[in-house]
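Residues per chain are reported as follows:
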Amino acid sequence: MSAERGYFTCNDIHAYYGESYIVQGVSFQVREGEILALLGRNGAGKTSTLRTIARIGDPELQQGEIWLNNQPLHNMASYEAAVAGVGLVPEDRRIIPGLTVEENIKLAQIVEPVGWSIEQIYELFPRLGERRKQEGVTLSGGEQQMLAIGRALSRDIKLLLLDEPYEGLAPVIVQEIEKTLHYIREQGMTAIIVEQNAVAALELADRAVILDTGELVFEGSAKEVLENEQLRHEYLAI
Amino acid sequence: MGALEVRGVNKRFGGLQALNDVNLTVEEGRIHAIIGPNGAGKSTLLNCFVGRLTPDSGTVMFHGKSLLGRQPHQINQAGVSRVFQTPEIFADLTVLENVMIPALAHRDGIFEFNAFKPMRHETDIHKRAHDVLEDLGMADKTDMVAASMSRGDKRRLEMAMGLVQEPKLLLLDEPTAGMSRADTNNTIEVLRHIGDSRGITMIIIEHDMHVVFSLADRISVLAQGTVIVEDAPENIKGNVKVQEAYLGGAH
Amino acid sequence: MLGLSRKDFLTLLFVLLLVAAAPIFLNPFPEGSKFAQFNAGYPDLMQRFVIFGIFAIGYNILFGLTGYLSFGHAAFLGAGSYAGVWMLKLLTINVIPAILVSTLVAGIFSLLIGYISLRRSGIYFSILTLAFAQMSFALAASVLTPITGGETGLQTALNDPRILDGASVGGNIPAPSLFGLQMGYSWKVAVGDWLWTFNVGYYLCAFVLLIAFYISIRIFRSPFGMMLKAVKSNNQRLSYTGISPRPYTLAAFVISGMYAGLAGGLMVSMDPLAGAERMQWTASGEVVLMTILGGVGTLIGPVLGAGLIKYFENIFSKINENLLEQWFAFMPEGLGDFIVTIIYPFVGKGWHLTLGLMFMLVVIFMPGGLIGGLSGIYKRVFRRRSTAQ
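Notes on the structure follow.

The rules behind the values
Residues numbered from 1 in each chain as written. Chains lettered and ligands numbered in written order. Predicted model: local features only at pLDDT ≥ 70, side-chain atom pairs only at ≥ 80, totals over all residues. Heavy atoms only, no water. Helix = DSSP H or I, 4+ residues; strand = E, 2+ residues; numbered from the N terminus. Buried < 20%, exposed > 50% of the residue type's maximum accessible area, 1.4 Å probe, protein only. Contact = heavy atoms within 4.5 Å. Areas by Shrake-Rupley, 256 points an atom, 1.4 Å probe, with all protein chains shown as cover. Lys, Arg positive; Asp, Glu negative; His and termini not counted. Charge placed at Lys NZ, Arg CZ, Asp CG, Glu CD. Buried area = accessible area lost by both parts, 1.4 Å probe. Salt bridge = Lys/Arg side-chain N within 4 Å of Asp/Glu carboxyl O. Polar contact = N/O pair within 3.5 Å; in protein donor to acceptor, adjacent residues only side chain to side chain. Nonpolar A, V, L, I, M, F, W, Y, C, P; charged D, E, K, R; others polar. Phe/Tyr/Trp six-rings, centres within 6.5 Å; stacked < 30°, edge-to-face > 60°. Lys NZ or Arg CZ within 6 Å of the ring centre and 35° of its normal. Core = buried A, V, L, I, M, F, W, Y, C linked by side-chain atoms within 4.5 Å. Patch = residues over 30% accessible without salt bridge, like charges linked within 9 Å, V, L, I, M, F, W, Y side chains within 5 Å. Pairing = 2+ DSSP bridges. Right-handed = clockwise from strand over helix to strand, strands pointing away. Axes fitted to C-alpha atoms, helices over the stretch in contact; angles between N-to-C directions.

A separate point is the overall build of chain A. Of regular secondary structure, chain A possesses 10 helices and 10 strands. Looking at chain A as a whole, 56% of its 238 residues qualify as buried. For chain A, long-range pairs separated by at least 24 residues make up 66% of all intrachain contacts whose partners lie at least 6 apart in sequence. On chain A, roughly 10,100 Å² of surface is accessible, and the fraction owed to carbon and sulfur atoms is 46%. Positive and negative charge centroids in chain A, built from 21 and 36 side chains respectively, lie 4 Å apart.

If you want it as structure tokens, here you go:
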């Protein structure tokens, strides 16, 4: 089945976490420069879908194709997908212990292709610049999130995957990160965002897909979701 | 006198004053929320209550007895249960087993050599674990391996592990982070119901203001290691200091 | 039944049949046939199968449930052996006191070592147990010679006091017995070309194994067993749940030490000789291999692993170059020699090489050991079938 391959395409992907069948045949596309919100209840398979796209070992992709800019991600390991242009900002941020803020970014830039320079990242997040010599894991939650986003941007990525970027953050910090993400979007970044705060995600996104128990149940514009009361109630409970 | 009395607690990490003369009184049977920016010291403070950290100075009294210098398991046996921010579950055990372990701890204490009674004959423990899971809407997941659950479900499991112990004081560290709106609302209901019916004292750390204002009887705002405001919820929203330090412009 | 679930009861029944019929199915080849030397159904080896099975069952309660990897359990086996021989020397040639006292002595010894070693976890725990075991080995072989017989070992003698039955001895060193029934006594039954040996000592060991296995099932399924699994899964969390993990791990350590002592007691009951080499770290390593090979944390895995390793050690190691040449004699000269040259390093004295390779394959491709691997295959086949329907 070779429907026209968009900039980014997931074609009928099935992924398992051990015995559990988590992602059950999901297909969607993302156009270049577009932000897609990936929504749904707990256990719907959102994080698993993101992890599958980033080619992290579990869940295990057993069937389906993933294409990014004509490169077959489904045949790649996570490090190859990273070189191919996938940048994942994981929910738990995964700041590397023992390294300073700056070393965490530098480490991400060891392999080509490199994206934003360290100075550009500090411009985007001045707090990181102030704490460049501090050990990354001693930063506050909000600062760690900034570092995780900065670290993803420090590589030349074609697709940014954001897993719950607002989780566990104070409202002030959420507003700050929101502002940054809107700025990144204006720069033409392509991204998929998973977020429990569906309204915030929909304000940022152009389009949305909704998952329910591993299957895609809705695809449309962000505006449609915001205006469709029934949809919001049934799948997002907002 | 409150159920939990915190007086003059200080904690320093190298050059960082993480907690600076923290005072806090939590009344029995109330739900007390602690809010504040990331890095304000909220989790550090909770860690001082459960024996993970020892403050440099100050006292933490629980029903008139000091919690300081006691082992985590002793503090738990004294009636203080904690629901962790990043789920600390028994990942390779099933959901039911995860809840039965704290239930056994509550019944049998710190150590019990109960090596010959089959687990499946522990009907009261089974029932208790089932009931709590039922309350939290997880009755259909009892046989799942805990590691394979979604984050929101792991948080709910954490809560079940705390609730099954029927603690006197329940410490909730961001219980609804990563939960869908529907599960968050359900969790609020469960906590409110338990607060009303069993009179469990609760301290809740949370960034979701919907949760905080739905549950809290009293709110302390922590910023840079100090309580800057402590007041009833209706007075917190309008407080200029709180808006500046925490809520930001949108609220 | 017996307080077990249906599934566990069937497992116990399976083990019962396994050990009861072992003298028959371990001798599948007719006497005097070409393959007769692969028969493992002789008393000495069968006793070793079940004794090491008991050792591994006990070790699995510590390592399989709590995840604490001890490298010193041979010390408890050794301590049990010495205690057993002393009982045979001082008290009576009846094996019952020897078996009970060796279990008890190993229990006390493991309480002491466990109490100190369990102050640390992970690799430091392993190293502490290793250090204690090597210390015990060195002491047994040197300064403790009056108690252990040093390098020659400790054995029964004609002039042993044997308070209870010393008078009844004639001119020979008495052989260990159970109320007069000698451990070495065997009934030999010939059926056609097959020869089966039913040995008293073996059946005593098999009986003890069944009890040991039964107790292990009860522990696995108890609240105590669940706590041990919780220690392995998340030790930290357990303490915030109001449980002190250390007494649990110590109890598991002592239980596994007592199993080791029991195995040591049975060993000297079969052959009343205890040497210091029984305590050496290679012996401790062996029980680790048995457990991992069979399946860590599974009920029956350790028994299987013990049997497999002992089979290799005793049977595979007997294949020598002559024999290989005989087997491949039907081949053309050059080809036969070539094959013998290739196979030779893996058999006979090279049996460790085969065992090592097998161990590597199991660890890499069957992380749950043989039992884990088999149940994985079973599940996969079962799932296919159910989806096909």
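Moving on: the interface of chain B and chain C. Reports of interface size often rely on the accessible area that becomes lost once the parts have come together. Listed by partner, the interface residues are 37 residues for chain B and 29 residues for chain C. Surface buried jointly by chain B and chain C totals about 2,800 Å² across both partners, of which 64% is contributed by carbon and sulfur atoms. For chain B, the biggest contributors to the area lost against chain C are B:Phe90, B:Phe111 and B:Phe116; these three give 19% of the whole. Where chain B packs against chain C, one counts one salt bridge. A salt bridge links B:Glu158 to C:Arg237; the shortest N-O distance between them is 3.2 Å. Between the two partners, chain B and chain C, sit 21 residue pairs in polar contact (both at pLDDT 80 or more). Residue assignment for the side of chain B that touches chain C shows that the elements contributing at least two residues are α2 (72–77), α3 (95–108) and α5 (151–163) of chain B. Partitioning the side of chain B that touches chain C into residue classes produces 20 nonpolar, seven polar and 10 charged.

Here we take up the packing of aromatic side chains. By convention here, two paired aromatic rings are described through the distance between centres and the angle between planes. Scanning all chains against the criterion turns up 18 aromatic pairs over all chains. Ring geometry for C:Phe29 against C:Phe35: centres 5.7 Å apart, planes inclined by 40 degrees, an arrangement best described as tilted. Of the residues examined, C:Phe29 reaches a relative accessible area of 28% and is grouped as partly exposed. Residue class for C:Phe35 comes out partly exposed when judged on its relative accessible area of 38%. By way of ring pairs, the aromatic residues C:Tyr68, C:Phe76, C:Phe109, C:Phe125 and C:Phe253 are connected into one cluster. Over the aromatic face of B:Phe213 sits the side chain of B:Lys237, whose NZ or CZ is 4.5 Å from the ring centroid. One cation-aromatic arrangement involves C:Lys310 over C:Phe52; the distance from NZ or CZ to the ring centre is 3.9 Å.

It is worth spelling out the pattern of salt bridges at this point. In total, this model carries 39 salt bridges over all chains according to the counting rule given. Between C:Lys310 and C:Glu313 there is a salt bridge, with the nearest N and O atoms lying 3.1 Å from each other. A residue pair is termed a helical-turn pair when its members lie 3 or 4 positions apart in one helix, as C:Lys310 and C:Glu313 do in helix α11 (residues 301–314) at three residues. Of the residues examined, C:Lys310 reaches a relative accessible area of 3% and is grouped as buried. In the salt-bridge network here, residues are joined through shared partners; they are A:Glu91, A:Asp163, A:Glu164, A:Glu167, B:Arg151 and B:Arg155.

With 194 residues, the main nonpolar core has A:Leu39, A:Leu128, A:Ile149, B:Leu157 and C:Phe213 as its most contacted residues. In contact with C:Phe213, not counting residues within four places along its chain, are C:Thr11, C:Leu12, C:Val15, C:Ile57, C:Leu299, C:Ile300 and C:Val303. Counting 30 residues, the second largest nonpolar core, distinct from the first, contains A:Leu36, A:Ala44, A:Ile192 and A:Val209.

Turning our attention to a nonpolar patch on the surface. All names here are of chain C. Together, Phe 346, Leu 353, Leu 357, Met 360, Leu 361, Ile 364 and Phe 365 give the surface a local cluster of nonpolar side chains, amounting to about 700 Å² of exposed area. Here Phe 346 lies in the loop between α13 (333–343) and α14 (351–365). Residue class for Phe 346 comes out partly exposed when judged on its relative accessible area of 31%.

Moving on: the pairing of strand β7 (residues 159–163) of chain A. Residue and element names in this part refer to chain A. Judged by how many residues are buried, β7 sits mostly within the fold: five of five residues are covered. Sheet topology note: the strand β6 (residues 86–89)/β7 ladder contains four bridges and is parallel. Residue pairing in the sheet places Leu 88 in a bridge with Leu 161 of β7. In this structure, β7 lies alongside strand β8 (residues 191–194), joined through four bridges in parallel fashion. Residue Leu 160 lies in a different strand from β8, and its bridge partner there is Ala 191. Read as a crossover between parallel neighbours, the route from β7 over helix α7 (residues 171–186) to β8 is right-handed.

Before going further, it helps to spend a moment on the pairing of strand β5 (residues 194–199) of chain C. Side chains on a regular strand alternate between the two faces of the sheet. Residue and element names in this part refer to chain C. Relative to β5, strand β4 (residues 186–191) runs antiparallel, the two sharing six bridges. Among the inter-strand pairings, Trp 187 is bridged to a residue of β5, identified as Phe 198. In this antiparallel pair of consecutive strands, β4 and β5, the connection spans two residues, and Gly 192 shows a positive phi of 60 degrees.

Moving on to unusual backbone geometry. The omega torsion of the bond from A:Asp58 to A:Pro59 falls at 5 degrees, within 30 degrees of zero and hence cis. Structurally, A:Pro59 is set in the loop between α1 (46–53) and β4 (60–68). Across the junction of A:Glu112 and A:Pro113, the peptide omega takes the value -5 degrees, indicating a cis bond. Positionally, A:Pro113 belongs in the loop between α3 (101–108) and α4 (118–124). With phi around 65 degrees, A:Arg55 is a residue other than glycine that occupies positive phi space. Looking at the secondary structure, you find A:Arg55 in the loop between α1 and β4. Although it is not a glycine, C:Phe179 sits at a positive phi angle of roughly 45 degrees. On the secondary structure map, C:Phe179 appears in the loop between β2 (177–178) and β3 (181–182).

Let us now look at the sheet that holds strand β10 (residues 215–221) of chain A. Residues and elements named next belong to chain A. Across the sheet, six strands lie side by side as β6-β7-β8-β3-β9-β10; this open sheet has mixed pairing. Edge positions in the sheet fall to β6 and β10, since each of these pairs with one other strand and no more. Sheet twist, expressed as the average angle between the axes of neighbouring strands with direction ignored, equals 15 degrees. The pairing of strand β9 (residues 207–212) with β10 spans six bridges and is antiparallel.

This part covers the environment of A:Gly129. All names here are of chain A. Counting through the fold element by element, Gly 129 comes out in helix α5 (residues 126–130). Residue class for Gly 129 comes out buried when judged on its relative accessible area of 18%. Residues Gly 129 and Ile 118, spaced 11 residues apart in sequence, show a C-alpha to C-alpha distance of 8.9 Å.

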